[in-house]
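Given next are the chains, with one letter for each unit.
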Amino acid sequence: MDTYVFVAVLFAAACHAGWNATIKRTLDPLAMTALIATGAGLVALPAIPFVGIPEPASWPWLAASIVIHLFYFAGLIESYRTGDMGQVYPIARGTAPLMTAVLTTIFVHEQLGLFGWGGIVLLASGVLLLSFRGGRDLARLDRRAVGFALFTAVTICIYSLVDGIGARAAGSGKANAYSVWLFIGNAVFVVGYALARRGASLGPAMAPYWKSGLAGGTLTILSYGIAIWAMTVAPIAIVAALRETSVLFGTLIAVVFLKEPLRAGRLAAAAMIVAGLVFIRLQ
């Protein structure tokens, strides 16, 4: 992985933590998620004349990703509704890289090497360590929140694989086209899902947060758009693992802005994540 790709994915991870914190800071994760998806779709629309349409070979992957993302957002909403960001965010993001690495090895035939696997294991272990004693009840994990977080992790694994393959099938230099249409499709489906659950009350719930929604949508495009592009020039599993460094930024946000407690375990986890980054960089 080239240095500029490595740095770009780390920047994307920071953006990812930012929009997740935007969801958690509001009292209504469903409305906020719909608003962020809408914001991302609106920001993506003006780009269509510049990026065009991805190659037809990528369309089935694009359609599948939109459906999978709907389940992802549904799981994420319930995770944040029932648990603390400092607990559910690391679980959702930490278990996904290992699953993704296994699937890409089997189905995409990517060879990660010793440093690649070592880095992914260290990084994922550090991310998972952040979740321990991270819930509302400091004596144990919130089982309901953990269940939704693990469901979210499965969807992350699947959409990472699907989007990595889809972006590569979109044609040379067409990763941005794939991303733009993905965000537009996500907006339509997520808003439809939110309307089905909330009905006419969705609009008033979204209105007070429209600025946050637009900002979160922009961060979403930066975060995942960069990742999709990176998966066309680097191994999917490595990019997926690097994205999970977002938990470091997420932990910082949770402690500084959401006033969640900082513990020694989180510092140890951060050291493991950094060690994982070093291994991945040496891969």
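Residues numbered from 1 in each chain as written. Predicted model: local features only at pLDDT ≥ 70, side-chain atom pairs only at ≥ 80, totals over all residues. Heavy atoms only, no water.

### Remarks on the packing of helix α2 (residues 29–44) against helix α4 (residues 59–82)
And then number 1: Between α2 and α4, the shortest axis-to-axis distance is 9 Å and the interhelical angle comes to 140°. Classified by the angle between their axes, α2 and α4 sit oblique to one another. By crossing handedness, the relation of α2 to α4 is classed as right-handed. Across the interface between the two elements, Pro29, Leu30 and Thr33 from α2 touch Phe73, Ile77, Tyr80 and Arg81 from α4.
And then number 2: Residue classes in the contact of α2 with α4 are distributed as five nonpolar, one polar and one charged. (Axes fitted to C-alpha atoms, helices over the stretch in contact; angles between N-to-C directions. Helix = DSSP H or I, 4+ residues; strand = E, 2+ residues; numbered from the N terminus. Parallel < 35°, antiparallel > 145°, perpendicular 65-115°, else oblique. Left-handed = near helix turned anticlockwise from the far one by under 90°. Contact = heavy atoms within 4.5 Å. Nonpolar A, V, L, I, M, F, W, Y, C, P; charged D, E, K, R; others polar.)

### Considerations on the side chain of Asn186
And then number 1: Mapped onto the elements, Asn186 comes out in helix α8 (residues 175–198).
And then number 2: With a relative accessible area of 6%, Asn186 lands in the buried category.
And then number 3: Asn186 has contacts with Ala37, Ile66, His69 and Phe73, leaving out every residue within four places of it along the chain. (Buried < 20%, exposed > 50% of the residue type's maximum accessible area, 1.4 Å probe, protein only.)

### Regarding unusual backbone geometry
And then number 1: The backbone of His109 shows a phi angle near 60°, a positive value even though the residue is not glycine.
And then number 2: Here His109 lies in the loop between α5 (85–108) and α6 (113–129).

### Some details on the confidence of the model for the chain
And then number 1: Taken over all residues, the pLDDT of the chain has a mean of 84, while the share at 70 or more is 90%.
And then number 2: Per-residue pLDDT stays below 50 along residues 134–139; that stretch engages in 14 contacts with residues further than four places along the chain or on separate chains. (pLDDT = per-residue confidence, 0-100.)

### Considerations on the environment of Arg266
And then number 1: Checked against the element boundaries, Arg266 lands in helix α13 (residues 264–282).
And then number 2: A relative accessible area of 6% places Arg266 in the buried class.
And then number 3: Arg266 sits 18 residues away from Leu248 along the chain, and the two C-alpha atoms are 9.2 Å apart.

### Quick look at the packing of α2 against helix α10 (residues 210–230)
And then number 1: Put simply, α2 and α10 touch, their axes get as near as 7 Å, and they point 60° apart. Here α2 is positioned oblique relative to α10, judged by the angle of their axes. Judged by the sense of rotation from one axis to the other, the crossing of α2 with α10 is right-handed. Across the interface between the two elements, Met32, Leu35, Ile36, Gly39, Ala40, Val43 and Ala44 from α2 touch Trp210, Ser212, Gly213, Leu214, Gly216, Gly217, Thr218, Thr220 and Ile221 from α10.

### Focus on the packing of aromatic side chains
And then number 1: Scanning all chains against the criterion turns up five aromatic pairs.
And then number 2: Both rings, one in Tyr4 and one in Trp229, keep their centres 6.0 Å apart while their planes meet at 40°; by these two values the pair is tilted. With Tyr4 in helix α1 (residues 3–25) and Trp229 in helix α10, the pair connects residues that are 225 residues apart, well separated along the chain.
And then number 3: With a relative accessible area of 52%, Tyr4 lands in the exposed category.
And then number 4: For the pair Phe115 and Phe279, a centre-to-centre distance of 5.6 Å together with 65° between the ring planes defines the contact as edge-to-face. Taken together, the residues span a long stretch of sequence, with Phe115 in helix α6 and Phe279 in helix α13 at a distance of 164 residues.
And then number 5: The exposure class of Phe115 is partly exposed, given its relative accessible area of 39%. (Phe/Tyr/Trp six-rings, centres within 6.5 Å; stacked < 30°, edge-to-face > 60°.)

### Topic: a nonpolar patch on the surface
And then number 1: Among the surface-exposed residues, Leu98, Val102, Ile106, Phe107, Trp117 and Val121 lie close enough to one another that they form a single nonpolar patch of about 520 Å² accessible area.
And then number 2: Secondary-structure elements contributing two or more residues to the nonpolar patch are α5 and α6.
And then number 3: The residue Leu98 is located in helix α5 in this model.
And then number 4: A relative accessible area of 31% places Leu98 in the partly exposed class. (Patch = residues over 30% accessible without salt bridge, like charges linked within 9 Å, V, L, I, M, F, W, Y side chains within 5 Å. Areas by Shrake-Rupley, 256 points an atom, 1.4 Å probe, with all protein chains shown as cover. Salt bridge = Lys/Arg side-chain N within 4 Å of Asp/Glu carboxyl O.)

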